[in-house]
Amino acid sequence: MLTGQLQWKERALNKLSDLAGIVGHTPLMKLDHPHINLYCKLEFLNITGSIKVRPALYALCEAVKRGQITEHTVVIESSSGNFAIALATICKMIGTKFIAVIDPNISATSEKFLKQIAYDVVKVTDRDETGGYLLNRIHMVQQLQNKISDSYWTNQYGNPDCYRAYYYGLGEELVSSLDKIDYAFIGVGSGGTVTGLSKILKEKLEGIKIVGVDTLGSVIFDQAPRKRHIPGIGSSIKPSILREASIDEVIFVSEVDAVTSCNLMFECHGLFVGGSTGSVYHAIQQYFDSIDIGSQPNVVFLCADGGTAYLDTVYNSEWFEWLHAMENATTVLS
């Protein structure tokens, strides 16, 4: 039995190593802008279509090395879509089971894909006390762990491996791509991206400013909670992983502005992006319209995923009208 486990571990680590060779090193594209040198890292060109393959691969690899994941382990994660898709894909490659815990905000496309590739998909439909679903998703993860004797929660909200993936991967790529970066605008959700990038960028690049971008209704930076509808940014909890982050400033963006900016990116730059990227792009425009910057700074941000999963929402005019009405109603009530 022990020999079989060691053989599986060796095979799994070999496959993960091969996969590491094709993850990352995504293009850094310069976008036209009148006031700044604006660069966008095209993370949607990663295998599985998003930035989330980086922490998924790193976290799974480290857990296999430590013996926390074997061929009999069931990997479990709460996700709004991209992280679950990355985990499901990699778990399929190494021959272990994966259960995705999702909620109604996930795109129909992502949900269908997960039902095809994951061992199981559990959908939480009741909102928690914050008006979101995350607390109930995490509770469901814990229930599943209690039922399954050999399980592993990758825990993107608190697992240091999830920020180390960005520190050692994406962060090093950014540092080597440009001689100087003055600003990095980073969307904040589960917290791994901004934590890993802020640590390495602050260490390597003197004077860089890290601007976190959050969505209205997220509780990460002590806003009052409210219903949110675009996955991938914001949170109903304060992720513990953020304790390691170094953020200079935070900008809050409405979901209506995020959608408008997604469409603007497509019209102006030909980039078909997801909702979190629209939020960050809007924050950049807002920020540099309101301050005196002097000479043109170098500014970087991330295209975390593509727009295909958002065809029924962000790129649907009827859904946008509904979202606008919801946001107006929330503003009136508050």
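Quick caveat, the model's predicted, so the values are computed rather than measured.

S.K.: What exactly am I supposed to notice about the overall build of the protein here?
M.R.: Each helix and strand counted, the protein has 10 helices and 10 strands in total. Evaluated residue by residue, the protein yields a buried proportion of 56% over its 334 residues. Across the protein, every contact between residues at least 6 apart in sequence was considered, and the portion connecting residues at least 24 apart equals 71%. With an accessible surface of roughly 14,600 Å², the protein has 49% of that area assigned to carbon and sulfur atoms. Across the protein, the mean location of the 28 positive side-chain charges is 7 Å away from that of the 36 negative side-chain charges.

S.K.: Could you clarify how one ought to interpret helix H9 (residues 275–290) in this entry?
M.R.: The periodicity of an α-helix, 3.6 residues per turn, causes residues three or four positions apart to be oriented the same way. Taking 1.5 Å of rise per residue, the 16 residues of H9 would be expected to cover 22 Å, and the 23 Å separating its terminal C-alpha atoms lies within 8% of that figure. Taken across its 16 residues, H9 has 13 buried, putting it largely inside the fold.

S.K.: Help me understand the pairing of strand E3 (residues 74–78) in this model?
M.R.: Working note: regular strand, side chains alternate between the two faces of the sheet. Burial analysis of E3 places five of its five residues in the buried class, the great majority of the element. The alternating pattern of E3 places Val 74, Ile 76 and Ser 78 on one face and Val 75 and Glu 77 on the opposite face, and all of these are buried. In this sheet, strand E4 (residues 97–102) lies alongside E3 in parallel orientation, the contact comprising five bridges. Across the sheet, residue Val 74 finds its bridge partner in E4, namely Lys 97. This β-α-β element, E3 to helix H3 (residues 82–94) to E4, shows right-handed connectivity. The pairing of E3 with strand E6 (residues 151–153) spans three bridges and is classified as parallel. If you follow Ile 76 over to E6, its bridge partner there is Trp 153.

S.K.: For this particular structure, what's the right way to read the nonpolar core?
M.R.: As a rule of thumb, soluble globular proteins bury nonpolar side chains together. Membership of the largest hydrophobic core comes to 36 residues, with the highest contact counts inside it found for Leu 16, Leu 60, Val 64, Ile 69, Ile 90, Phe 98 and Leu 114. Looking at this core, the elements with two or more residues in it are helix H1 (2–20), helix H2 (53–66), H3, E4, helix H4 (108–117) and helix H6 (160–177). Excluding residues within four positions of it along the chain, Leu 16 makes contact with Leu 57, Leu 60, Cys 61, Val 64, Ile 90 and Ile 94. Core analysis: the second largest hydrophobic core is formed by 35 residues, Phe 185, Ala 283, Ile 284 and Phe 288 among them.

S.K.: Help me out: how do you make sense of the UniProt feature "domain: Tryptophan synthase beta chain-like PALP" (unreviewed entry) in the protein in this one?
M.R.: When the UniProt feature table is mapped onto this chain, "domain: Tryptophan synthase beta chain-like PALP" (unreviewed entry) is found at residues 22–303. The span residues 22–303 is 40% helix and 18% strand, and its two end C-alpha atoms sit 18 Å from each other.

S.K.: For this particular structure, what's the right way to read the packing of aromatic side chains?
M.R.: Think of a pair of aromatic rings as described by two things: how far the centres are apart, and how the planes are tilted against each other in angle. Evaluation of the coordinates by the stated rule reveals 12 aromatic pairs. On the basis of an interplanar angle of 75 degrees and a centroid distance of 4.9 Å, the ring pair of Tyr 167 and Tyr 168 is categorised as edge-to-face. Tyr 168 sits in the partly exposed class, given a relative accessible area of 46%. Between Tyr 287 and Phe 288 the ring centres are 5.0 Å apart and the planes differ by 75 degrees, which places this aromatic pair in the edge-to-face class. Residue classification places Tyr 287 among the buried positions, given a relative accessible area of 6%. On the accessibility criterion, Phe 288 (4% relative accessible area) is buried.

Cut-offs used in this document
Residues numbered from 1 in each chain as written. Predicted model: local features only at pLDDT ≥ 70, side-chain atom pairs only at ≥ 80, totals over all residues. Heavy atoms only, no water. Helix = DSSP H or I, 4+ residues; strand = E, 2+ residues; numbered from the N terminus. Buried < 20%, exposed > 50% of the residue type's maximum accessible area, 1.4 Å probe, protein only. Contact = heavy atoms within 4.5 Å. Areas by Shrake-Rupley, 256 points an atom, 1.4 Å probe, with all protein chains shown as cover. Lys, Arg positive; Asp, Glu negative; His and termini not counted. Charge placed at Lys NZ, Arg CZ, Asp CG, Glu CD. Expected span 1.5 Å × (residues − 1). Pairing = 2+ DSSP bridges. Right-handed = clockwise from strand over helix to strand, strands pointing away. Core = buried A, V, L, I, M, F, W, Y, C linked by side-chain atoms within 4.5 Å. UniProt positions renumbered as here; feature names shortened; annotations may be inferred. Phe/Tyr/Trp six-rings, centres within 6.5 Å; stacked < 30°, edge-to-face > 60°.

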